[in-house]
Every structure is written in structure tokens, then in C-alpha cells.
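The residues making up each chain are set out below.
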Amino acid sequence: MRRARCSCWGLALVFLASTLGGGCYNFSSYKTAIPLKKGQISTGASIGYPYVHTIAVSDGDPATDDEIQIVRTGITLPYFDYWLRIGVGANIDLGIKWTLPTGIGMDLKIRLLRVGRFHLAIDPGVHYHSLIFLHRVDVDLPVLATVELGRHVKLYGGARMFYSHWMCGNSYLDTECSGLMSNANSIAAGGFVGLSLEFGKIYIRPEVHYYRVEFPEAGIDLSMNVVQPGIGFGFRFGGAPDPVRRPPPPPTHQAPPPPTHQAPPPATTPPPATTPPPATTPPPATTPPPPPPPPANP
């Protein structure tokens, strides 16, 4: 009975921390599947409002009185994100994100496929959150997809899964809190969609997420449905300049037209051989005329 009571109260604490902790459970992304160029840097900030709905919590045993009912629907405190990303390779960039005031995380985005205007990537990451005496480590694996709709507009989204491990960190509460949190690990699965509006080096990215959070190790019935809209603003700088797109030059060599089928010309007979003209004999040699007679004497 005590184990069930501890589990219920532990999950109640998890619920209060995640819904009232000012962004403790933050699913924001603001990333497309297109990595930064090597040496390029991107930085920005965002704001969002998670909308949380939980269902009833009980230990599943009607014979005991260890039951806690937590049913709440509403918008939690806003969260604020600040991020920095650096391009480290042709298809890889590295990101660091700080969620005010509770957490910090790191991820590595790897583009796996590019076909025309379509991009596909994975983005494994690890995150640490801390609020009062509760701490949480998240490991997540998003699959990102992006379609370039035009020069200034990109549609992005993906599927995502979280595994979260909860811990206690207060010396006065460690013994009791560790027992409460021993079965409070959670799994969240869902997806998101957003638009990337880009104007030169500046971009604006509104997006919305949906996730369902379960506590499979607790042995009681607790789940949360989270809808999280938000909007991010950022800019990029550095890296190699974008190549100038020019139309291809006109071809300089054209292939000859294909030959057309024509009948072969009629056979012609060669001209008759001509005989050389007969040789001519040289004219006979002529003797000079005799000299005139001398004049007679009178």
C-alpha cells in the first residue's frame, strides 16, 4: 500500500512540476531539416504557451484508498528559449538551447537525404531540467522533414519521442523523494509542424506541437496531453556566401540533324578515255636566200 501511495504522490509532484514549472516540460524545436553551412552560426529566441490536459490518477486497485484525482485543463506559465547553432560539416550542425529558467540541452542534426526541395534529417539530443528539488534528464530522437515551398518559405515538421528520467536533489528530502520518484520515469511521443519565413539572414518560425506523456513504470493510470504553440525569431551569419544562381549558357555545339532516307543516285559510267593528239613533225629547215649579184660597171 505504501508503494502505491508513494507512486501516486510522486506522480502528483511530477505533474505539478511539469504543468506549473514555467516551461519545465518544453517540446519546442524551431529547427528545419536543412543544416547550417560549415562555419555558419544561427542564434535566436522564442516564446510559447503549453496547453495541458491530464486524466484521472489512481493506483488501479479499488480495494485500497490510495487514489489521487488530478484533472486539470489549462495553459501553463510561458516558456522562453534561447539557442545557438553552429555548422560543423556539409550535412551536420550542432545546437545548444537554454530554456528559461529551468533547463539546458544539446543536439546534433544530421541530414540523411536531399531530393530536390525535400530534406530529411535526424536530430538526437539530451536535455537537463531542474526545478526546486526535482531534476529531469531527457533523451529524445526527432525525425525532421522540410519542403522548400519557395525562396522565402519552408514547411517543416516531424515525429519525436522523449524518454525522461526524474530525480531528486534536496538533501532533506532525498530519502522520501527518491522513493516517490523511483517509478516516475516518463515517455512522450508526438509530432510538430511549422513554417520557416526567411528574409535574407532573418527568419521567423511559428510552430505547434502535440504530445502524449505516459508513466509506464508507475503502475497507475496517469497521462498528459500537451498542445504547445510557439513562435521563434532568429538570424544567421558567417559561412560561405550562397552561390549566385545564373541561367545555364546556351549550347554552343548542336548535333547535326539525323540523316533522311534517300534513294541512291543512278550509277554513272566513267567518261571514255581520250587519246593524246598525234605528234606533229617540225617544219623542214630553210636555207637562207643567196646574196644579190654585184652591180655591173658602166
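Above this text sits the structure in question.
Since this is a predicted model, take the numbers as computed values, not measurements. Numbers given to residues run from 1 along each chain, matching the order in which its sequence is written. Reporting of local features is limited, given that this is a predicted model, to residues whose pLDDT is at least 70; pairs of side-chain atoms are given and counted only at 80 or more, and all residues count toward the totals for whole chains, interfaces and linings. Side-chain measures were taken over the full set of non-hydrogen atoms in the model, leaving aside hydrogen atoms and water.

Asker: Please explain the overall build of the protein chain as it appears in this structure.
Answerer: Helix and strand content of the protein chain: two helices and 16 strands. Across the 298 residues of the protein chain, 38% fall into the buried class. Here the analysis covers contacts within the protein chain between residues at least 6 apart in sequence; of these, 65% occur between residues at least 24 apart. A run of H or I in DSSP becomes a helix once it reaches four residues, and a run of E becomes a strand once it reaches two; helices and strands are each numbered from the N terminus. Buried, partly exposed and exposed residues are distinguished by accessible area as a fraction of the type maximum, computed with a 1.4 Å probe on protein chains only: under 20%, between the cut-offs, and over 50%, respectively. Any two residues whose heavy atoms approach within 4.5 Å are treated as being in contact.

Asker: What is the right way to look at the nonpolar core in this model?
Answerer: Soluble globular proteins tend to bury their nonpolar side chains together. Phe27, Val213 and Phe215 are the most contacted members of the largest nonpolar core, which totals 24 residues. Every element with two or more residues in this core is listed here: β6 (79-87), β13 (153-168), β14 (186-199), β15 (202-214) and β16 (223-238). For this core, the leading source of residues is β13, giving four residues. Aside from chain neighbours lying at most four places away, what touches Phe27 is Arg160, Phe162, Ala188, His209, Tyr211, Val213, Val226 and Gln228. In these notes, a set of buried Ala, Val, Leu, Ile, Met, Phe, Trp, Tyr and Cys residues joined through side-chain atoms within 4.5 Å is what counts as a nonpolar core.

Asker: Can you help me understand the pairing of β16 in this one?
Answerer: The two faces of the sheet receive side chains in turn, since in a regular strand these alternate between them. Only when DSSP finds a minimum of two bridges between them are two strands counted as paired. The pairing of strand β1 (residues 40-48) with β16 spans nine bridges and is classified as antiparallel. Bridged to Gly44 within β16 is Gly234. Pairing of strand β2 (residues 51-54) with β16, which is carried by four bridges, proceeds in the antiparallel orientation. Across the sheet, the residue bridging to Tyr51 is Val227, located in β16.

Asker: Looking at this structure, I do not really get empty space enclosed by the protein. What am I missing?
Answerer: Any space left empty among the atoms is revealed by the rolling of a water-sized probe across them. Of the grid points, spaced at 1 Å and generated over the protein atoms alone, those admitting a 1.4 Å probe that cannot get out make up cavities, while open sets with protein on both sides within 12 Å along at least five of seven lines make up pockets; any residue with an atom within 4 Å of a point is treated as lining. Grid points are joined across faces, edges and corners, and a volume is the space filled by probe spheres set on the points. Scanning the entire structure with this criterion turns up three cavities of 30 Å³ or more. By volume, the largest cavity is sized at about 130 Å³. Ser29, Lys31, Arg85, Lys97 and Asp107 are the residues nearest the centre of the largest cavity, which is lined by 15 residues in total. Counting only elements with at least two residues in the lining of the largest cavity, the list comes to β6, β7 (92-100) and β8 (103-115).

Asker: Explain the pattern of salt bridges to me, please; I cannot follow it from the model alone.
Answerer: Opposite charge on two side chains makes pairing possible when the charged atoms of those side chains draw close. The term salt bridge refers to a side-chain nitrogen of Lys or Arg lying within 4 Å of a carboxyl oxygen of Asp or Glu. A complete count under the given rule lists eleven salt bridges for this structure. Of the charged contacts in the structure, one is a salt bridge between Glu198 and Arg205, with a shortest N-O distance of 3.7 Å. Both residues of the pair, Glu198 and Arg205, count as buried. We note a salt bridge from Glu198 to Arg236, for which the minimum N-O separation is 3.5 Å. Taken as a pair, Glu198 in strand β14 and Arg236 in strand β16 lie far apart in primary sequence, 38 residues in all. Sharing partners across several salt bridges, the network here consists of Lys31, Arg85, Asp93, Asp107, Lys109 and Asp123.

Asker: Would you explain the environment of Gly103 in this entry?
Answerer: Tracing the sequence through the fold places Gly103 in strand β8. Separated by 32 residues in the primary sequence, Gly103 and His135 have C-alpha atoms spaced 9.4 Å apart. Residue contacts for Gly103: discarding those within four places in its chain leaves Lys97, Trp98, Tyr128 and His129.

Asker: Quick question: what am I supposed to make of the environment of Leu120 here?
Answerer: The residue Leu120 is located in strand β9 (residues 118-122) in this model. Note: C-alpha distance between Leu120 and Thr146 (26 residues apart in sequence) is 6.6 Å. Setting aside residues up to four positions removed in sequence, Leu120 forms contacts with Ala33, Arg111, Leu112, Leu113, Val143, Leu144 and Ala145.

Asker: Would you explain the packing of aromatic side chains in this entry?
Answerer: Note on ring pairs: Phe, Tyr and Trp rings are taken, using the six-membered ring of Trp, and paired if centres are within 6.5 Å. Classes follow the plane angle, with under 30 degrees stacked, over 60 edge-to-face and the rest tilted. Enumeration according to the criterion identifies seven aromatic pairs in this entry. On the numbers, 4.2 Å between centres and 20° between planes, the contact of Phe27 with Tyr211 is stacked. One end of the pair, Phe27, is in the loop between α1 (2-20) and β1; the other, Tyr211, is in strand β15, with 184 residues separating them in the sequence. When its relative accessible area of 0% is taken as the criterion, Tyr211 is described as buried. Here the aromatic residues Phe27, Phe162 and Tyr211 are joined through ring pairs into a cluster of three or more.

Asker: Looking at this structure, I do not really get the side chain of Asn185. What am I missing?
Answerer: Summarising the element assignment, Asn185 is placed in the loop between α2 (174-181) and β14. Polar contacts, as counted here, are pairs of nitrogen or oxygen atoms within 3.5 Å of one another; within protein the pair requires one atom able to donate a hydrogen and one able to accept it, and residues that are adjacent in sequence qualify only if both atoms are side-chain atoms. There is a polar contact of 3.3 Å between the side chain of Asn185 and the side chain of Tyr163. Side-chain polar atoms of Asn185 contact the backbone nitrogen of Trp166, separated by 3.3 Å. If we skip the residues at most four places from it in the chain, Asn185 touches Tyr163, Ser164, His165, Trp166, Glu214, Phe215, Pro216 and Glu217.

Interpretation note: all reported values are geometric properties and have no functional meaning in isolation.
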